[in-house]
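Residues per chain, in single letters:
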Amino acid sequence: MTLKNFSFVGIFALSITLVGCGGTEDEPLTVPDVFGLPGDEARDLIEAAGLEPSLEAAESSVWQPSNWEVESTDPEAGIEVEEEDEVIVNLIRPVADEDADASAQEAEEEADLQSAEDAEQEAAEETERAEAEAEEARQSREQAEQAEAAEEQEREDRVPEQQESDGGDLGERVTEEALRGFNVDSFTGLLSQDGYDLSLPPYYAISDIETMSNSTIRVHVQEAMFDEEREQMGRWFFNMTCQEVPELDTVVVNDVSGLDSNHFAHEFMRMPGCE
């Protein structure tokens, strides 16, 4: 072989070698099976396979892939694709999360319902308390009115209907003894009596002594009187008539005001001889 032929063969062999070193066609990639995996793990596996994952979820945005799981991929697992092809990863909420969300929503609805029921119950109780207070106030008013009426009735009944004692009309006997004590024929005659003390109760204004029972009289006085004068007049009648009319126990003094004041024998200290 000549040098010229050798050079031609060498150049041809080198060319074949260089063509072979230039690389072969890329082998196809396969979409990995990520069904049921959390979104973040599926993403990492797809990226490791040389593909571009796109995480999607129906009617929602995926902010935390780990909270989702893979329902399907497009292309499906096992399909051959080229490097850096996009693989759409369809995500869904895990069943446990959906149940948890449903439970949370149900709990919230129950809490709202309970709050509404509690508010309604509280309003009903408040209404009931208000009604009870109103009823209590009404009963208190009725009791006060009844007590007042009973007291008035007691005042009216304190002096029973007129009854004559066995010794004659009590009022007449007391009148007779009182006039005898003053040595006059009538109470009005006291004003013409020399030395009559006008600081005394107005005995001169007595118009009538009424028998109320066998131990009670009512003295009618045609002037207004102070409480001290009423008491003094009651005491005077007890002491003036104690010997001749010992059964006298109650003197009711009634002046122009129309009010009765009751005076009882046991309330006063009797004069000597009246015990």
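First, a word on what this report is: a plain description of the structure on this page. (Residues numbered from 1 in each chain as written. Predicted model: local features only at pLDDT ≥ 70, side-chain atom pairs only at ≥ 80, totals over all residues. Heavy atoms only, no water.)

**Notes on the packing of helix H4 (residues 170–182) against helix H5 (residues 227–241)**
Next, step 1: One way to put it is that H4 packs onto H5 with a least axis distance of 9 Å and a crossing angle of 90 degrees. Comparing their axes, H5 and H4 come out roughly perpendicular. On the side of H4, the interface is formed by Val-174, Glu-177, Ala-178, Gly-181 and Phe-182, while H5 contributes Trp-236, Phe-237, Met-240 and Thr-241.
Next, step 2: Partitioned by chemical class, the residues of the contact of H4 with H5 number six nonpolar, two polar and one charged. (Axes fitted to C-alpha atoms, helices over the stretch in contact; angles between N-to-C directions. Helix = DSSP H or I, 4+ residues; strand = E, 2+ residues; numbered from the N terminus. Parallel < 35°, antiparallel > 145°, perpendicular 65-115°, else oblique. Contact = heavy atoms within 4.5 Å. Nonpolar A, V, L, I, M, F, W, Y, C, P; charged D, E, K, R; others polar.)

**Details of a negative patch on the surface**
Next, step 1: On the surface, Glu-117, Asp-118, Glu-120, Glu-122, Glu-125, Glu-128 and Glu-131 cluster together to form a negatively charged patch.
Next, step 2: When you line up the elements, Glu-128 lands in helix H3 (residues 95–158).
Next, step 3: Overall, Glu-128 belongs to the exposed group, its relative accessible area being 54%. (Patch = residues over 30% accessible without salt bridge, like charges linked within 9 Å, V, L, I, M, F, W, Y side chains within 5 Å. Areas by Shrake-Rupley, 256 points an atom, 1.4 Å probe, with all protein chains shown as cover. Salt bridge = Lys/Arg side-chain N within 4 Å of Asp/Glu carboxyl O. Lys, Arg positive; Asp, Glu negative; His and termini not counted. Charge placed at Lys NZ, Arg CZ, Asp CG, Glu CD. Buried < 20%, exposed > 50% of the residue type's maximum accessible area, 1.4 Å probe, protein only.)

**Quick word on the sheet that holds strand E8 (residues 250–254)**
Where strands meet in a sheet, backbone hydrogen bonds hold them as pairs that are either parallel or antiparallel.
Next, step 1: Ordered by their spatial adjacency, four strands build an open sheet running E6-E7-E8-E9, and the pairing between neighbours is mixed. Edge strands, defined here as strands with exactly one partner in the open sheet, are strand E6 (206–211) and strand E9 (260–264). With direction set aside, neighbouring strand axes in the sheet form an average angle of 20 degrees.
Next, step 2: Sheet topology places E8 next to E9; five bridges connect them, and they run antiparallel. (Pairing = 2+ DSSP bridges.)

**Focus on unusual backbone geometry**
Next, step 1: A cis amide bond links Asp-74 to the next residue, Pro-75, at an omega of 5 degrees.
Next, step 2: Topologically, Pro-75 is positioned in the loop between strand E3 (69–74) and strand E4 (80–81).
Next, step 3: The phi dihedral of Glu-84 is positive, around 70 degrees, even though this residue is not glycine.
Next, step 4: Phi is positive for Asn-183, which is not a glycine, with a value near 60 degrees.
Next, step 5: On the secondary structure map, Asn-183 appears in the loop between H4 and E6.
Next, step 6: The exposure class of Asn-183 is exposed, given its relative accessible area of 68%.

**A short note on the nonpolar core**
Next, step 1: Of all hydrophobic cores here, the largest spans 27 residues; its most connected members are Ile-206, Val-219, Met-233 and Phe-237.
Next, step 2: Elements that contribute at least two residues to this core include exactly H4, E6, strand E7 (216–221), H5 and E8.
Next, step 3: No other element matches H4, which puts five residues into this core.
Next, step 4: If we skip the residues at most four places from it in the chain, Met-233 touches Pro-201, Pro-202, Tyr-203, Ile-206, Val-219, Val-221, Met-225 and Val-253. (Core = buried A, V, L, I, M, F, W, Y, C linked by side-chain atoms within 4.5 Å.)

**Remarks on the sheet that holds E3**
Next, step 1: Read from one edge of the open sheet, three strands run E2-E5-E3, paired in mixed fashion. Of all the strands in the sheet, the pair left with one neighbour each is strand E2 (52–57) and E3. Geometrically, the sheet is characterised by an average inter-axis angle of 30 degrees between neighbouring strands, direction not taken into account.
Next, step 2: The sheet contact formed by E3 and strand E5 (residues 86–92) spans five bridges and is antiparallel. Across the sheet, Thr-73 pairs through a bridge with Val-89, a residue of E5.

**Thoughts on the pattern of salt bridges**
Where charged atoms from two side chains of opposite charge come close, those side chains can pair.
Next, step 1: Under the criterion given, the structure shown has eleven salt bridges.
Next, step 2: With a shortest N-O distance of 2.3 Å, Arg-138 and Glu-135 are connected by a salt bridge. Of the two residues, Arg-138 and Glu-135 are both situated in helix H3; the distance of three residues between them amounts to about one turn of the helix.
Next, step 3: The class of Arg-138 is partly exposed, set by a relative accessible area of 31%.
Next, step 4: Owing to a relative accessible area of 32%, Glu-135 belongs among the partly exposed residues under this scheme.
Next, step 5: Here Glu-142 and Arg-138 are joined by a salt bridge, their closest N and O atoms 2.3 Å apart. Taken together, the residues Glu-142 and Arg-138, both in helix H3 and four residues apart, mark about one turn of the helix.
Next, step 6: Looking at Glu-142, the relative accessible area reads 33%, which means it is partly exposed.
Next, step 7: The network of salt bridges with shared partners includes Glu-135, Arg-138 and Glu-142.

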